[in-house]
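In case you want the letters, here they are:
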Amino acid sequence: MKKHEDFFQNVFAVVRLIPKGRVTNYGAIAKYLGSARSSRMVGWAMNAAHSQKDVPAHRVVNRNGELTGKIHFATPFQMQELLEKEGIKVVKDKIKDFQKSYWDPMKELEL
DNA sequence: AGCTTGACTTTGA
DNA sequence: GTCAAAGCCAAGC
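Residues numbered from 1 in each chain as written. Chains lettered and ligands numbered in written order. Predicted model: local features only at pLDDT ≥ 70, side-chain atom pairs only at ≥ 80, totals over all residues. Heavy atoms only, no water.

A. Geometry of unusual backbone geometry. Of note, Lys-92 is a non-glycine position whose phi angle comes to about 55 degrees, a positive value. By the element assignment, Lys-92 lies in the loop between β3 (90-91) and β4 (94-95). Taking the relative accessible area as the measure of exposure, Lys-92 reaches 69% and is therefore exposed. Non-glycine residue Asp-93 carries a positive phi angle of around 65 degrees. (Helix = DSSP H or I, 4+ residues; strand = E, 2+ residues; numbered from the N terminus. Buried < 20%, exposed > 50% of the residue type's maximum accessible area, 1.4 Å probe, protein only.)

Given below as structure tokens:
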């Protein structure tokens, strides 16, 4: 049992809990795990998330609502397409009504 | 062993 | 509102 792997698994768990048609940002997940400044690790975890098929990484964007991580997908179009398929409007690599579709794990889970 | 890069965020100017 | 710098931890070289 390695600690850093726990962190990754934790990130995966949270991402998996993201409801369909909702999105969140790295900072929220990082904060939920304890360190808001560790948002980079969330991205790194997402990189490892490729091994996990049940991790909807397309629902995780940066705090600006931009699809920054799309380049790491199989194809850059996949992320946007998946989001639009879930009812999320994406315009120029940015999520429309980001605040509306925003899903905060701390608020929705912890509360 | 150290240094650089990275799916980022926050704070200060 | 924007721009620059610091902080965070892990992987790659």
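B. Highlighting the protein's contact with DNA strand B. Close contacts around DNA strand B come from 19 residues, with Ser-39, Arg-40, Arg-63, Gly-69 and His-72 the closest. Put simply, 57% of the atoms of DNA strand B that lie within 4 Å of the protein are in sugar or phosphate. The side chain of Ser-39 places a nitrogen or oxygen atom 2.8 Å from a base oxygen of DNA strand B. At a separation of 3.1 Å, a base nitrogen of DNA strand B approaches a polar backbone atom of Asn-47. Elements represented by at least two residues in the surface near DNA strand B include exactly α2 (26-33) and α3 (39-48). Ranked by residue count, the leading element in the surface near DNA strand B is α3, at seven residues. (Near = heavy atom within 4 Å. Polar contact = N/O pair within 3.5 Å; in protein donor to acceptor, adjacent residues only side chain to side chain.)

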